[in-house]
Amino acid sequence: MCGIIGYTGPDKVKNILLEGLAQLEYRGYDSAGIAIAREDGSIYVEKQTGQTANLKAACEQSDADGHCGIGHTRWATHGGVTRLNTHPHRAGKVTLIHNGIIENYHELIEEYQLQDQLVSETDSEVAAALLNRFYDGTNPKEAIKKTVALLEGSFAFCILFEGLTDRIYCIRSVSPLVASSTEHGSLVASDITAVIKYSRKYFVVPEHQLMILYPDHIDLLNEEGIKTEPEILEVNWDVESAQKMGFPHYMMKEIHEQPEAIRKTIAPRLKNGVPSFEDEGMDDSVFASFTNINVVACGTAMYAGMVGKAVIEPIVKIPVTVQIASEFRYSTPLINENTLTIVVSQSGETIDTLAALRLARSCGSKTLAIVNVKGSSIARESDYVLYTHAGPEIAVASTKAYSVQLSAFYLLACKIAMVRGIFDHAQAKDFINNLYQCIDAISGILEQKDQIREAAKCLENAEHAYYIGRGLDYAFSMEGALKLKEISYVHAEAYAAGELKHGTIALIEKNIPVVAFATQDSVYNKTISNIREVKARGAYVLLITKENAEIPAGVCDMHLTVPIENDLFTGLPTVVILQLLAYYTSLSKGLDVDKPRNLAKSVTVE
Ligand code: M6R
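Conventions adopted
- Residues numbered from 1 in each chain as written.
- Predicted model: local features only at pLDDT ≥ 70, side-chain atom pairs only at ≥ 80, totals over all residues.
- Heavy atoms only, no water.
- Pairing = 2+ DSSP bridges.
- Helix = DSSP H or I, 4+ residues; strand = E, 2+ residues; numbered from the N terminus.
- Axes fitted to C-alpha atoms, helices over the stretch in contact; angles between N-to-C directions.
- Contact = heavy atoms within 4.5 Å.
- Expected span 1.5 Å × (residues − 1).
- Buried < 20%, exposed > 50% of the residue type's maximum accessible area, 1.4 Å probe, protein only.
- Core = buried A, V, L, I, M, F, W, Y, C linked by side-chain atoms within 4.5 Å.
- Near = heavy atom within 4 Å.
- Polar contact = N/O pair within 3.5 Å; in protein donor to acceptor, adjacent residues only side chain to side chain.
- Areas by Shrake-Rupley, 256 points an atom, 1.4 Å probe, with all protein chains shown as cover.
- Nonpolar A, V, L, I, M, F, W, Y, C, P; charged D, E, K, R; others polar.
- Parallel < 35°, antiparallel > 145°, perpendicular 65-115°, else oblique.
- Left-handed = near helix turned anticlockwise from the far one by under 90°.
- Salt bridge = Lys/Arg side-chain N within 4 Å of Asp/Glu carboxyl O.
- Phe/Tyr/Trp six-rings, centres within 6.5 Å; stacked < 30°, edge-to-face > 60°.
- Arc of directions from axis to C-beta.

Looking at the sheet that holds strand 20 (residues 366–371)
- Strand order in the open sheet formed by 5 strands is 18-17-19-20-21, with parallel pairing between adjacent strands. Looking at the sheet topology across the chains shown, the edges are occupied by strand 18 (320–324) and strand 21 (384–387). If you compare each strand with its neighbour and ignore which way they point, the axes differ by 20° on average.
- The pairing of strand 17 (residues 292–297) with strand 19 (residues 339–345) spans 5 bridges and is classified as parallel. Counted as the bridge partner of Val296 is Val343 from strand 19.
- Against the sheet, helix 9 (residues 299–316) engages strand 17, strand 18 and strand 19, with an angle of about 170° to strand 18.

Okay, structure coming up:
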């Protein structure tokens, strides 16, 4: 939620900020703004509603520039999408940008009588007003200390003080910030995608430490005011990874990156053809004794957990529960030291998932994070981390991150089964070979794009669509329905195929699209019966099966296949079909595929 960029150094700052915001736009694209410290000590502010291109156009009207500035792209929480609510917010000598939510902002307005000083509806402006109240014109550190001591909620602030033309003050609690000191100045950003052009080395700003960016170095001060040294991290992908590379959209590029991302996630964990996590600090004892698994995550990551459950339970025969992190965090969890909690997150910063992780730890559960972003909060706070190596995922709709999360679950299922004597070496090797076959199967699906585009036509004009399947097919269909909803705005629901007749089938009417999955041999005939039920009521059925399936006459209107024989592994190629269906539907409706309305990539607020 919200993208932040800041730079101070020898170079002109305006373009650095605008380019950084364009890179970070996937974090929020309701409005954007920049503030630049001019050499005369004053601060130039420009802001615009809409995407960062609007801001860029407005900035081109002015030749104001400098060498130190901050920029923000907003995902609205408090107050509508208006120019006044757009960051940066200014109060007297203070100009700031904020990511997060100040939960007690109402109380602060009243207690400090700030009403008359506020022009926006945002919680962020309250922080600016408080800072200004406490700033005596000489001591920014003291003003920041006093302000953050009053704040409840989450925040990442970058602050300019009038007259201090070369430095940026930053502080965070929960909300992410990374920074990098380079030969050409110092940078701060919400995430590394905005920094990578300038440096592959960066650090995660420690929570509650005051960070001051100067042109030639960065100071970090702990709560006692003592300087600390950050842990320097290095990204293992390059700037091209965060660009479209000739694809029309990031989503399409990321769909195509799945074979390679899966390979990169699996290969480094194989020793003698079977999974080993020793290099990641997980020896066999980690997998030997827990009695149940608790998966917590949000959205697509949670749906990956549903597949994880459907893969692990039948093999390992221990209960796996999958919980929505925003529900779990306020529940009374029935977990303890015998539970392994698996936390799944692409960004590693989703606030509900982070809170769920903390709750699980407080219950004594061991925690294992499946995370894509190195050094993210969830990765740092978990007992064990299994990094997925998908590279940066920019499109709001998650694609490759989901596939690598599934791959991680397959690796874990295999490892647990080996450690518990369920799989011998040969069985484990066979399991991994099956997983590898998915990579080729996905490449095969990508070659069928035209056919899938054709199939997507049934969704283009639909108001509603249903995704049905049983067992693992039901797990994939949930992700398929989410993809369609979020980028094409077609109302889509996933149902366990056998559950339809208990209510949902009342919604089926002539020509309503039903995407039906029947890739599981054990329930194939049952699923076909359910498909007949919707077909009999006029549905337009797009059926997805394995290649060798016998399709009874009249059961579907369109048929797509996945080139996988083993039921347990049909999900990876199937989901690529679902991603493409959603992509082409969104495209044909002329929607912004990469930046669907109302959404942001990283959900770092509750
Ligand atoms: O970064 P995370 O994986 O924790 O994000 C969780 C969800 O917000 C995310 O998976 C979301 O549902 C997807 N962008 C949907 O495509």
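Quick word on helix 17 (residues 472–488)
- The terminal C-alpha atoms of helix 17, which comprises 17 residues, lie 24 Å apart, in line with the 24 Å expected from a rise of 1.5 Å per residue.
- Burial runs high along helix 17: 14 of the 17 residues are buried.
- One or two steps after helix 17, the chain reaches Tyr489, where phi turns positive at roughly 60°.

Some thoughts on the sheet that holds strand 3 (residues 43–49)
- Spatial ordering of the open sheet is given by 3-2-4-1-10-9-11-14, a layout of 8 strands whose pairing is antiparallel. Because the sheet does not close on itself, it has two edges, and the strands there are strand 3 and strand 14 (233–234).
- The pairing of strand 1 (residues 3–8) with strand 10 (residues 185–189) spans 4 bridges and is antiparallel. Note that in strand 10 the partner of Gly6 across the bridge is Val188.
- Taken strand by strand, helix 1 (residues 14–24) contacts strand 1, strand 2 (31–37), strand 4 (68–74) and strand 10, and its axis lies near 155° from that of strand 1.
- Set on the sheet, helix 2 (residues 52–60) makes contact with strand 2, strand 3 and strand 4; between it and strand 3 the angle comes to about 135°.

A closer look at the nonpolar core
- Counting 130 residues, the largest nonpolar core has Ile293, Phe431, Tyr467 and Leu581 as its most contacted members.
- Among the elements that make up this core, the one with the highest residue count is helix 13 (residues 400–419) (12 residues).
- Apart from the residues lying within four places of it in its own chain, the contact partners of Leu581 are Ile452, Ala455, Ala456, Leu459, Val515 and Leu542.
- Grouped together as the second largest cluster of nonpolar side chains are 32 residues, Leu118, Tyr135, Val148 and Tyr169 included.

Quick look at the site of the ligand
- Lining the immediate environment of the ligand, one finds 14 residues, of which Ser345, Gln346, Ser347, Thr350 and Glu486 sit closest.
- In the environment of the ligand, an oxygen atom lies 2.3 Å from a nitrogen or oxygen atom belonging to the side chain of Glu486.
- When the ligand sits alone it has 410 Å² of accessible area, and the protein chains cover 90% of it.
- Of all the secondary structure elements, the ones that give two or more residues to the shell around the ligand are helix 9 and helix 17.
- In terms of residues, the shell around the ligand owes the most to one element, helix 9, which gives 3 residues.
- Broken down by class, the residue content of the shell around the ligand amounts to 5 nonpolar, 7 polar and 2 charged.

Considerations on the packing of helix 1 against helix 2
- For the pair helix 1 and helix 2, interaxial distance at closest approach is 9 Å and the crossing angle is 165°. When the axis of helix 1 is compared with that of helix 2, the two are roughly antiparallel. In this structure, the crossing between helix 1 and helix 2 has a hand that is left-handed. Residue-level inspection shows Lys14, Leu18, Leu21 and Ala22 of helix 1 in contact with helix 2, the latter providing Thr52, Leu55, Lys56 and Cys59.
- Taken together, the residues of the contact of helix 1 with helix 2 sort by class into 5 nonpolar, 1 polar and 2 charged.

Overview of the pattern of salt bridges
- Within this structure, the stated rule accounts for 24 salt bridges.
- Salt-bridge contacts for Glu260 lead to Arg263; the nearest nitrogen and oxygen are separated by 3.5 Å. You can see Glu260 and its partner Arg263 sitting in helix 7 (residues 258–266), 3 residues apart, about one turn around the helix.
- With relative accessibility at 35%, the residue Arg263 sits in the partly exposed group.
- Notably, a salt bridge pairs Lys601 with Glu393, separated by 2.6 Å at the nearest N-O pair. A residue pair is termed long-range when its members are at least 10 positions apart, and Lys601 in the segment after helix 19 (571–588) and Glu393 in the loop between strand 21 and helix 13 qualify at 208 residues.

Notes on the pairing of strand 3
- The pairing of strand 2 with strand 3 spans 7 bridges and is antiparallel. Its bridge partner lying in strand 3, Ala32 is registered against Gln48.
- Linkage of strand 2 to strand 3, two consecutive antiparallel strands, is achieved through a turn of 5 residues, within which Gly41 is found at a positive phi near 95°.

What about unusual backbone geometry?
- Pro88 follows His87 through a cis peptide bond whose omega is 0°.
- Among the secondary structure elements, Pro88 is positioned in the loop between strand 4 and strand 5 (89–91).
- A positive phi angle, near 50°, is found at Met245, a position not held by glycine.

Section: the side chain of Ser345
- Looking at the element boundaries, Ser345 is found in strand 19.
- At 2.8 Å, the side chain of Ser345 and the backbone nitrogen of Gly348 are in polar contact.
- Excluding anything up to four places from it in sequence, Ser345 contacts Ala301, Thr350, Thr353, Ile370, Val371, Asn372, Ile378 and Gln405.

Remarks on the packing of aromatic side chains
- Within the structure shown, the criterion is met by 12 aromatic pairs.
- Between Phe155 and Phe157 the ring centres are 5.1 Å apart and the planes differ by 20°, which places this aromatic pair in the stacked class. Note on accessibility: Phe155 and Phe157 belong to one class, buried.
- On the basis of an interplanar angle of 50° and a centroid distance of 6.2 Å, the ring pair of Tyr410 and Phe431 is categorised as tilted. Taken together, the residues span a long stretch of sequence, with Tyr410 in helix 13 and Phe431 in helix 14 (residues 425–447) at a distance of 21 residues.

Focus: helix 2
- All buried positions along helix 2 are accounted for by Thr52, Leu55, Ala58 and Cys59. The arc that holds every buried residue of helix 2, seen down its axis, measures 115°, which confines them to one face. Along helix 2, exposed side chains directed more than 90 degrees from the buried face belong to Ala53 and Glu60.
- In the core, the buried residues of helix 2 are packed alongside helix 1, strand 2, strand 3 and strand 4.

Things to note about the environment of Pro206
- With respect to the secondary-structure elements, Pro206 resides in the loop between strand 11 (201–204) and strand 12 (210–213).
- Separated by 24 residues in sequence, Pro206 and Pro230 place their C-alpha atoms 7.7 Å apart.
- If we skip the residues at most four places from it in the chain, Pro206 touches Arg172 and Leu220.

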